[in-house]
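Each chain, letter by letter, is given below.
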Amino acid sequence: GKYRVVSTKSMPGTRWISLLTANDCRLEICTEKKTILSVDDILALIGDRCDGVIGQLTEDWGEVLFSALKRAGGTAFSNMAVGYNNVDVEAANRNGIAVGNTPGVLTETTAELAASLSLAAARRIVEADQFMRAGLYDGWLPHLFVGNLLKGQTVGVIGAGRIGSAYARMMIEGFKMNLIYYDLYQATRLEKFVTAYGQFLKANGEQPVTWKRAATMEDVLREADVISLHPVLDKTTYHLINPERLAIMKKEAILVNASRGPVIDEVALVEHLKVNPMFRVGLDVFEDEPYMKPGLADMKNAVVVPHIASASKWTREGMATLAALNVLGKIKGYPVWGNPNLVEPFLKEDATPPA
Ligand code: GLV
Ligand code: GLV
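Residues numbered from 1 in each chain as written. Chains lettered and ligands numbered in written order. Predicted model: local features only at pLDDT ≥ 70, side-chain atom pairs only at ≥ 80, totals over all residues.

(A) Focus on the pairing of strand β11 (residues 280–283). Of the two faces of β11, the one lined by Arg280 and Gly282 and the one lined by Val281 and Leu283 are each fully buried. Summarising the sheet, strand β10 (residues 254–257) and β11 pair through 4 bridges and their orientation is parallel. Its bridge partner being in β11, Asn257 is matched across the sheet by Leu283. Following the chain from β10 across helix α11 (residues 266–275) to the adjacent parallel β11, one finds a crossover that is right-handed. Both β11 and strand β12 (residues 302–304) contribute to a ladder of 3 bridges, which runs parallel. Bridging from a neighbouring strand, Gly282 pairs with Val303 of β12. (Buried ≥ 20, exposed ≤ 12 C-beta atoms within 10 Å, placed from the backbone. Helix = DSSP H or I, 4+ residues; strand = E, 2+ residues; numbered from the N terminus. Pairing = 2+ DSSP bridges. Right-handed = clockwise from strand over helix to strand, strands pointing away.)

Rendered as structure tokens:
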């Protein structure tokens, strides 16, 4: 291979491997057993000759790594994730390195996990499962694990982009929930869907579903029964859910987070869960992964899973393939290899203007 490409982790599927090896790349997949690589581990991987790297969201991609990659002759980096808050894109671009991510292929998978967490919280699935396994079930009772009916309730979406909109659609179509959403951009297609679905229900003699674009995030928090968070993590969304905002939510609301942990003030959330036993959460992400804030693991009203929202076989293979394409696209040059529909614009001069 003409080019040396490094992947900091083994990834699902084989297509990403053959894509690289069939196109002049010598691929090196890190075999280090520890889960999270340090900056020093990655510096050693880059070595003194490296054209591109596929990295992971657990890694700190900043000036140190990008300047090392530049010195090694590299021009391309792709995160195997849609989120890239672990990547200092400016530092990368300053060092002449293009940055890719892997949107699109994980939209439905991630939305389905957020929907799973919503249902698990609403119907207390994990608590009930633990109760069964503990041998505590001694007969049907009218009060046993009574939860929330979603039909006719309001689903609140904060961040109605690709994933937030897919989640909203699932909850509306699947459970006939009404929608309230907050986003800086209007989710036109989602609004049209809800309107059309509402008309369909009405024509069938059923209660129509409705939608509302909230003027403030607070409106969503006050009005919704199930709230799912789908913003990008940046300075403006850090601790978006803080004590003041928790306080205005319904006492029996469900809060779901499959975006990034620091969007919620997790210490404040644990306090809120303690004081409000009917308030429930479904969490895929945490402020200090892999750790949970003290007390969270003891809360029966929390469902917690280890950052698995994009973890379907199809999606993970797709993410790996896109990450490989991102790196290859930069190394081999546009327009033959670049796929501007699937990656964030690389360096400004590489970006294709939107049609
Ligand atoms: C996963 O968290 C991702 O951003 O793809
Ligand atoms: C519950 O199992 C019922 O039959 O209502």
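(B) Inspection of the sheet that holds strand β4 (residues 76–79) at higher detail. Spatial ordering of the open sheet is given by β2-β1-β3-β4-β5, a layout of 5 strands whose pairing is parallel. Every other strand in the sheet has two partners, leaving β2 (25–29) and β5 (98–100) as the edge strands with one partner each. Adjacent strand axes in the sheet meet at a mean angle of 15 degrees when their direction is disregarded. Where β4 lies against β5, 3 bridges are found, and the strand directions are parallel. Residue pairing for β5: Ala76 is matched across the bridge by Ala98. (Axes fitted to C-alpha atoms, helices over the stretch in contact; angles between N-to-C directions.)

(C) Representation of the environment of Tyr167 in the model. Along the chain, the position of Tyr167 falls in helix α7 (residues 162–175). We classify Tyr167 as buried; it has 27 C-beta atoms within 10 Å. Note: C-alpha distance between Tyr167 and Leu150 (17 residues apart in sequence) is 14 Å. If sequence neighbours within four positions are ignored, Tyr167 has contacts with Ala111, Ala114, Ala115, Val157, Ser228 and His230. (Contact = placed C-beta atoms within 7 Å.)

(D) View of the packing of α7 against helix α8 (residues 188–203). Closest axis-to-axis distance for the α7/α8 pair is 10 Å, and the angle between their directions is 10 degrees. Taken together, the axis directions place α7 and α8 in an arrangement best described as roughly parallel. Between α7 and α8, the residues in contact are Ser165, Ala168, Arg169, Ile172 and Glu173 and Leu190, Phe193, Val194 and Tyr197, respectively. Each residue belonging to the contact of α7 with α8 can be placed in one class, and the counts come to 6 nonpolar, 1 polar and 2 charged. (Parallel < 35°, antiparallel > 145°, perpendicular 65-115°, else oblique. Nonpolar A, V, L, I, M, F, W, Y, C, P; charged D, E, K, R; others polar.)

(E) Up close: the domain arrangement of the chain. Domains assigned within the chain are domain 1 (3–105 + 312–350) and domain 2 (107–304). For domain 1 versus domain 2, the separation of C-alpha centres amounts to 33 Å. Tallying the contact residues gives 6 residues for domain 1 and 6 residues for domain 2. (Domains from an automatic or database assignment.)

(F) Examining the UniProt feature "domain: D-isomer specific 2-hydroxyacid dehydrogenase NAD-binding" (unreviewed entry) in the chain more closely. Feature annotation in UniProt places "domain: D-isomer specific 2-hydroxyacid dehydrogenase NAD-binding" (unreviewed entry) on residues 117–309, given in this structure's numbering. Between the first and last C-alpha atoms of residues 117–309 the distance is 10 Å; the span itself is 36% helix and 15% strand. (UniProt positions renumbered as here; feature names shortened; annotations may be inferred.)

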